[in-house]
Amino acid sequence: MEVFLESFYSVSWVQWLASFLAVIYILLAYKNSSACFLFGLLSALLWAYESYINLDLKFDAALQIFYALMSIYGLYIWKYGGENKSEKPISFLGLKGNLMWIISGLIITLIVYYWAIYYVESSRTFLDIFTTVYSLIATILLVHRYMENWILFVIVDLLYVYIYYLQGGYVFALMMIIYIFMSFASWFNWKRIYLETI
């Protein structure tokens, strides 16, 4: 426990700031506010730097750059992605759509993994790729306001707790625990909003 606390106190300011901005992002996403993407953009850029430079998680760093780009895209989609450039409503993907994303994610994970073992030096390569691929998918679903994004984020974030803890990213591991609880809460809040609109 003493080693954990010592490591926790030595965490960089970048991890703290990225995590703080990420909490604001997820709170605003929970509230179904498009302003979440502004905080998501800033958090993702800081998180990318930390993952690449200090945690040796190259695929996670790439994921954070993707998040930054998706924040810009997401802001547009949420505001103008519905019919006649109106706000895009919350919806469900359905069984067929879910199966397509799950299978596609597995195929992409395996392809990237077999490429990465020869060309990329990264810690926890398979888990790093797996969580990155499914985080990409969950983000795409979030941007398009599909409810299933929250379930996928819970699964991915459980794995991220393990990865970040092993790599010494203790604040990021703590963030993933917070994300898990907030993803559950967001699922129920979005479901309530969805049911009010049908």
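Below you will find a few notes about this structure.

Definitions and cut-offs
Residues numbered from 1 in each chain as written. Predicted model: local features only at pLDDT ≥ 70, side-chain atom pairs only at ≥ 80, totals over all residues. Heavy atoms only, no water. Core = buried A, V, L, I, M, F, W, Y, C linked by side-chain atoms within 4.5 Å. Buried < 20%, exposed > 50% of the residue type's maximum accessible area, 1.4 Å probe, protein only. Helix = DSSP H or I, 4+ residues; strand = E, 2+ residues; numbered from the N terminus. Contact = heavy atoms within 4.5 Å. Expected span 1.5 Å × (residues − 1). Arc of directions from axis to C-beta. Phe/Tyr/Trp six-rings, centres within 6.5 Å; stacked < 30°, edge-to-face > 60°. Lys NZ or Arg CZ within 6 Å of the ring centre and 35° of its normal. Salt bridge = Lys/Arg side-chain N within 4 Å of Asp/Glu carboxyl O.

1. Details of the nonpolar core
Membership of the largest hydrophobic core comes to 48 residues, with the highest contact counts inside it found for W47, W150, Y164 and Y179. Of all elements in the fold, only α2 (13-30), α3 (36-53), α4 (58-80), α6 (125-143), α7 (149-167) and α8 (170-197) reach the threshold of two or more residues within this core. Apart from residues lying up to four places away in sequence, Y164 is in contact with W47, S51, L55, L57, D60, G169, Y170, F172, A173 and M176.

2. Regarding α3
Across its 18 residues, α3 extends 26 Å between first and last C-alpha, which sits within 8% of the 26 Å expected from 1.5 Å per residue. Inspection of α3 places C36, F37, G40, S43, A44, W47, A48, E50 and S51 among the buried residues, and these make up the whole buried set. The arc enclosing the buried residues of α3, seen along the axis, measures out at 170°, which places them on a common side. Those residues of α3 that are buried lie in contact with α2, α4, α6, α7 and α8.

3. A short note on the packing of aromatic side chains
When we look at a pair of aromatic rings, we describe it by the centre distance and by the angle of the planes. Per the stated rule, a full pass over the model turns up 18 aromatic pairs. Aromatic pair Y160 and Y164: ring centres 5.2 Å apart, planes at 15°, arrangement stacked. Pair noted here: Y160 and Y164 are both in helix α7, with a separation of 4 residues, about one helical turn. Take Y160: its relative accessible area is 3%, and that puts it in the buried class. Three or more aromatic residues joined by ring pairs make a cluster, and in this case those are F37, W78, W150, F153 and W190. Here K58 stacks its cationic end above the ring of Y52, 5.0 Å away from the centre of that ring.

4. Some details on the pattern of salt bridges
Here the structure, examined in full by the defined rule, presents 3 salt bridges. The closest approach of N and O atoms between K58 and D56, which form a salt bridge, is 2.5 Å. The class for D56 is partly exposed, based on a relative accessible area of 28%. Between R145 and E87 there is a salt bridge, with the nearest N and O atoms lying 3.2 Å from each other. Here the residue R145 occupies a position in the loop between α6 and α7, and E87 occupies one in the loop between α4 and α5 (95-119), the gap between them amounting to 58 residues.

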